[in-house]
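Architecture at a glance
Chain by chain, the residues run as shown.
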Amino acid sequence: MPLHHAVLALLTRRPNHGYELKARFEEAIGPQWGGLNIGHLYQILERLVRDGYVSRSQVTQTDRPDKNLYTLTETGEAELRSWATTAWVRVGGFRDELFLKLLGASALGPQALTTLIESQRQTYLSELAGLARQRRAHAGEPLVAVLIDAAIAHTKADLGLLDSAAQHLGPLATEHGTQAPQRPQPQAQDHRRSHDGTRGDRTESA
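The rules behind these values
- Residues numbered from 1 in each chain as written.
- Predicted model: local features only at pLDDT ≥ 70, side-chain atom pairs only at ≥ 80, totals over all residues.
- Heavy atoms only, no water.
- Helix = DSSP H or I, 4+ residues; strand = E, 2+ residues; numbered from the N terminus.
- Buried < 20%, exposed > 50% of the residue type's maximum accessible area, 1.4 Å probe, protein only.
- Contact = heavy atoms within 4.5 Å.
- Areas by Shrake-Rupley, 256 points an atom, 1.4 Å probe, with all protein chains shown as cover.
- pLDDT = per-residue confidence, 0-100.
- Expected span 1.5 Å × (residues − 1).
- Arc of directions from axis to C-beta.
- Salt bridge = Lys/Arg side-chain N within 4 Å of Asp/Glu carboxyl O.

**Topic: the overall build of the chain**
Along its length, the chain carries seven helices and two strands. Counting from the amino terminus, the chain carries its helices and strands in the arrangement α-α-α-β-β-α-α-α-α. For the chain, the proportion of its 206 residues judged to be buried stands at 26%. Taking contacts inside the chain between residues at least 6 apart in sequence as the whole, the part at least 24 apart equals 54%. About 14700 Å² of surface is accessible on the chain, with carbon and sulfur atoms providing 54% of the total.

**Considering the environment of threonine 123**
Note that threonine 123 resides in helix H6 (residues 110–137). Taking relative accessible area as the criterion, threonine 123 reaches 35% and is therefore assigned partly exposed. On a C-alpha basis, the gap between threonine 123 and leucine 159 in space is 9.7 Å, while along the polypeptide they are 36 residues apart.

**Focus on the environment of leucine 161**
Note that leucine 161 resides in helix H7 (residues 142–178). For leucine 161, a relative accessible area of 26% corresponds to the partly exposed category. For the pair leucine 161 and isoleucine 117, spaced 44 residues apart in the sequence, the C-alpha separation amounts to 9.8 Å. Residues within four places of leucine 161 in sequence aside, it is in contact with Leu98 and Phe99.

**Notes on the confidence of the model for the chain**
On average, the chain scores 83 in pLDDT, and the residues at 70 or more come to 83%. Within the chain, the element-level pLDDT minimum falls on helix H5 (residues 97–108), averaging 84, and the maximum on helix H3 (residues 38–51), averaging 95.

**Brief notes about H3**
Compared with an ideal rise of 1.5 Å per residue, which puts 14 residues at 20 Å, H3 spans 20 Å between its outermost C-alpha atoms and is within 8% of the ideal. Residues of H3 that are buried: Leu41, Ile44, Leu45 and Leu48. Down the axis of H3, the smallest arc covering the buried residues is 100°, so these residues share one side. Within H3, the exposed residues directed more than 90 degrees away from the buried face are Gln43 and Arg50. Lining the buried residues of H3 we find helix H1 (2–10), helix H2 (18–29), strand E1 (54–59) and strand E2 (67–72).

**Topic: the pattern of salt bridges**
Taken as a whole and assessed by the stated rule, the structure comprises seven salt bridges. Among the salt bridges present, the one from arginine 81 reaches glutamate 77, with a minimum N-O distance of 3.6 Å. Residue arginine 81 and its partner glutamate 77 are both found in helix H4 (residues 74–84); the two are separated by four residues, about one turn of the helix. For glutamate 77, a relative accessible area of 39% gives the class partly exposed. For aspartate 149, the salt bridge identified is with arginine 135, shortest N-O distance 2.6 Å. One end of the pair, aspartate 149, is in helix H7; the other, arginine 135, is in helix H6, and 14 residues separate them in sequence.

Written out as structure tokens, the structure reads:
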């Protein structure tokens, strides 16, 4: 579990308590990952203590409530080394909402597909501009810089994907656009009135 192992990595330098770990994680990873929920962090620490990867001790404070201090164990260091030196393998596929939007836009015809692609292109270009500013701001933080570089490369690849989508889905969208949609026809109602003033289908007998 990646976050569990990231916490182990943060504990290699020195023992920490929960809020110190939260601050160190957010400083080390930077804005691309997002904040770490303190409640989730304490759940992770509880699990690591239970598994024997981390030990917990209590530190007495005179002017504040006592705090828990978490220390990496030898078992935890071995677990971290095993995880950190093994290649990462993608197992979840590419479940990006953009693919579902492309499905919807191509089903609506070429104009909808073009609108989506151009709108998405402008969004990616804006993202690249923001990432470039972040890259300059975090030039002195190596791990953050690597993560931002990865985000830049990913966004550039997404831009290329839009060209591929236009090429491959254009004919499909055109085909869908020329087909009349099949919708259920409303049931016809007979509004004729009989001689007694009631509505109905009855025919008068001769």
